[in-house]
Amino acid sequence: MKRESFVKLAVVVICVVVAFIAFIKPLAYSIRQGLDLQGGTHVVLEGVDTPQAKVNDDAMNRVVKIMENRVNAMGLTEPVIQREGQNRIIVELPGVKDPDKAIDVLGKTAMLEFKDEDGNVGLTGTDLKDAREETDQQGQNLVSLEFSDEGAKKFADLTAENVGRTIAIVLDGNVLTAPNVKEPITGGKAVITGNRSIEEAHNLALLLRSGALPVKVQVVETRTVGPTLGQDSKDKSEFAFAIGVGAVILFMLVFYRVSGFIADISLMAYVLILLFLLKMLDATLTLPGIAGIILSVGMAVDANVLIFEHFKEEMRFGKTIRASMNAGFKRAFVTILDSHLTTIIASVVLFFFGTGPIKGFAITLGLGAVLSLFTATTMTQYQMKWLIGADIVHNHRLFGASLFSEKAVK
């Protein structure tokens, strides 16, 4: 029994320490980062009155919605899209280092028209049902269009009236392609060819899917959040994290000795599991998110402090080390559960009512609270049982209990 407990404890300690040293940095750097950590592009768009469309509150709100659809289709994370004043919109895109690329997607009005040779418009982008990028058997990149029921009828009529002639597909006044109509097309589908790359076809397709902007917009400001700001933020965050975890580990060793060492092993496992889950959830890490992680680390240790204080108190009453340990976990559990539940509730509220970085803070804090509850009440408890079962520590002072009854025995 003693040998088995010692082997279990040794295996867990060695595995956690080795895994922490080997994977802490790769895991941390593999998590996607927000604008404040990795930089990106900051664009300010302004709505402009035209004879066809005037700028008003409803139009600008619709522009924001369309911008959100376009950004989401680009696969970006933690973008910031918000109104500024009456006719301006701020767009911040993490990881986008080329402002021109962002403007190409965001600033276009995406007005799609199908015109005959006389310049008559047969149907527009409002008749579209879907648009997807594809590559045909010849390796040509194209955009496949599918029309709504009404659009399919319009397209069939347009092609029937223009057999032997060309129909120009026009985007924002520029002719994308002008194929010759050989026969009426009644399937409600068409393709746009001439895309040089699959990325170009993808961007065109998402523009068409998101719909045309209701008003004209122009770029009034664009700047790149460079690596200096991002690297400075990351360096300070890493330093704060290292100091925070290091101080906690040292505190536990000084005040709780062997028990503190067990808590530190659980803390290392807690950090690894938390980062792994953030990676698996494809979460985006921001500065507030890092603050949430650091705060949750404090909560994880706080749970162990409650347990060990009850543990020491039971030993002072003359109980055996094993009995004191069991009583300490039992007495502290209700308090730990209540405190963690209130934190989880607060995190849920922040997530559903917060925006942008606040949601990132809520995710890391809430996830950290759940993991803290697990590591403190399960992992630490099993390690303490194996430590006591291994019968390698007999001095009560090594558990941090300075005032101790002589009646207490193992």
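Starting from 1, residues in each chain are numbered consecutively following that chain's sequence as written. Thresholds applied to this predicted model are a pLDDT of at least 70 for local features of residues and 80 or more for the giving and counting of side-chain atom pairs; totals over whole chains, interfaces and linings are not thresholded and use all residues. Each side-chain value is worked out from all heavy atoms of the structure, with water and hydrogens disregarded.

1. So, the sheet that holds strand 9 (residues 168-171)
- Note on pairing: DSSP must find at least two bridges between two strands before they are called paired. The numbering of helices and of strands both runs from the N terminus, where a helix is a DSSP run of H or I of at least 4 residues and a strand a run of E of at least 2. Pairing within the open sheet is antiparallel, and its 4 strands lie in the order 6-5-9-10. Two strands close off the open sheet at either side, each with one partner strand: strand 6 (121-124) and strand 10 (174-177). Between one strand and the next, the sheet's axes are offset by a mean angle of 35°, whatever the strand orientation.
- In the sheet, strand 5 (residues 112-115) pairs with strand 9 via 4 bridges, with the strands oriented antiparallel. Residue pairing for strand 9: Leu112 is matched across the bridge by Leu171.
- Strands strand 5 and strand 6 of the sheet are contacted by helix 5 (residues 149-161), whose axis makes an angle of about 155° with strand 6. A fitted line through C-alpha atoms represents every axis, and for helices the fit uses only the stretch in contact; the resulting angles, taken between N-to-C directions, go from 0 to 180 degrees. Two residues qualify as a contact provided that any one of their heavy atoms is within 4.5 Å of a heavy atom in the partner residue.

2. Overview of the pattern of salt bridges
- Within this document, salt bridges are pairs made up of a side-chain nitrogen of Lys or Arg and a carboxyl oxygen of Asp or Glu, the two lying within 4 Å of each other. One pass over the full model with this rule turns up 17 salt bridges.
- Residue Lys129 pairs with Glu146 through a salt bridge whose shortest N-O separation is 3.8 Å. Taken together, the positions of Lys129 in strand 7 (residues 128-135) and Glu146 in strand 8 (residues 141-147) put the pair 17 residues apart, joining distant regions of the chain.
- Exposure is judged per residue with a 1.4 Å probe applied to protein chains only, and the accessible area is read against the type maximum: over 50% gives exposed, under 20% gives buried, and values in between give partly exposed. Note on Lys129: relative accessible area 60%, which makes it exposed.
- The class of Glu146 is partly exposed, set by a relative accessible area of 28%.
- Beyond isolated ion pairs, a larger network of salt bridges with shared partners links Glu313, Glu314, Lys319 and Arg331.

3. Concerning helix 8 (residues 287-316)
- Helices are assigned an expected span. That span is 1.5 Å times one less than the residue count. Taking 1.5 Å as the rise per residue, helix 8 with 30 residues should run 44 Å; its terminal C-alpha atoms sit 44 Å apart, in good agreement.
- A positive backbone phi angle near 95° is found at Gly318, which sits one or two residues after helix 8.

4. Regarding the pairing of strand 9
- Residues Ala168 and Val170 line one face of strand 9 and the alternating positions Ile169 and Leu171 line the opposite face, and both faces are buried.
- As defined by bridge partners, strand 9 adjoins strand 10 across 3 bridges and the pair is classed as antiparallel. For Ile169, the partnering residue across the bridge sits in strand 10 and is Thr177.
- In textbook terms, the turn of a hairpin is the stretch between consecutive antiparallel strands, and for strand 9 and strand 10 this stretch comprises 2 residues, one of which, Asp172, has a positive phi near 50°.

5. Examining the packing of helix 8 against helix 9 (residues 321-353)
- It is the contact of helix 8 with helix 9, at a shortest axis distance of 7 Å, that shows an interaxial angle of 145°. For the pair helix 8 and helix 9, the crossing hand works out as right-handed. From helix 8, Met299, Ala303, Leu306, Ile307, His310, Phe311, Glu313, Glu314 and Met315 reach across to helix 9, where they touch Ile321, Ser324, Met325, Ala327, Gly328, Phe329, Arg331, Ala332, Thr335, Ile336, His340 and Thr343.
- Classifying every residue of the contact of helix 8 with helix 9 by side-chain character gives 12 nonpolar, 6 polar and 3 charged. Crossings are classed by handedness, with left-handed meaning an anticlockwise turn of the near helix from the far one by less than a right angle and right-handed meaning a clockwise turn. Gly counts as polar in this scheme, as do all residues outside two lists: the nonpolar Ala, Val, Leu, Ile, Met, Phe, Trp, Tyr, Cys and Pro, and the charged Asp, Glu, Lys and Arg.

6. A short note on the packing of helix 8 against helix 10 (residues 357-390)
- For the pair helix 8 and helix 10, interaxial distance at closest approach is 8 Å and the crossing angle is 25°. Comparing the axis directions of helix 8 and helix 10 gives the class roughly parallel. You can see that helix 8 and helix 10 cross each other, and the crossing is right-handed.
- Its residues assigned to classes, the contact of helix 8 with helix 10 shows 16 nonpolar, 9 polar and no charged. Convention used here: angles under 35 degrees read as roughly parallel, angles over 145 as roughly antiparallel, angles from 65 to 115 as roughly perpendicular, and any remaining angle as oblique.

7. Observations concerning the sheet that holds strand 2 (residues 40-48)
- Taken in spatial order, the 4 strands line up as 3-4-2-12 in an open sheet, and their pairing is antiparallel. Each having just a single partner strand, strand 3 (80-84) and strand 12 (216-225) make up the two edges of the open sheet. Geometrically, the sheet is characterised by an average inter-axis angle of 20° between neighbouring strands, direction not taken into account.

8. Remarks on the confidence of the model for the chain
- Confidence scores labelled pLDDT are given residue by residue by the predictor and lie between 0 and 100. Scored by pLDDT, the chain comes out at a mean of 82, with 90% of its residues at no less than 70.
- By mean pLDDT, the top-scoring element of the chain is helix 1 (residues 2-30) (91), and the lowest-scoring one is helix 4 (residues 99-106) (72).
- The low-confidence segment residues 403-410, where pLDDT is below 50, has 17 contacts with residues more than four positions distant or belonging to other chains.

9. A short note on the nonpolar core
- Membership of the largest hydrophobic core comes to 54 residues, with the highest contact counts inside it found for Leu267 and Met384.
- Breaking this core down by element, the ones donating at least two residues are helix 1, helix 7 (227-280), helix 8, helix 9 and helix 10.
- Here this core gets 18 residues from one element, more than from any other, and that element is helix 7.
- Leave out the neighbours within four places in its chain, and Leu267 touches Val245, Val248, Ile249, Val297, Ala300 and Val301.
- Core analysis: the second largest hydrophobic core is formed by 21 residues, Phe155, Leu171, Ala201 and Leu208 among them. Here, nonpolar core refers to any group of buried Ala, Val, Leu, Ile, Met, Phe, Trp, Tyr and Cys residues whose side-chain atoms link them within 4.5 Å.

10. A closer look at the environment of Ala53
- Considering the arrangement of structural elements, one finds Ala53 in the loop between strand 2 and helix 3 (57-73).
- By relative accessible area, which is 16% here, Ala53 ends up buried.
- Remark: the alpha-carbon pair of Ala53 and Val215, spanning 162 residues in sequence, is separated by 5.6 Å.
- Not counting chain neighbours up to four residues away, the residues in contact with Ala53 comprise Val48, Pro214 and Val215.

11. What about the side chain of Thr343?
- As for its placement among the helices and strands, Thr343 is situated in helix 9.
- Dropping the residues within four chain positions of it, Thr343 is found in contact with Met299, Leu365 and Ala369.

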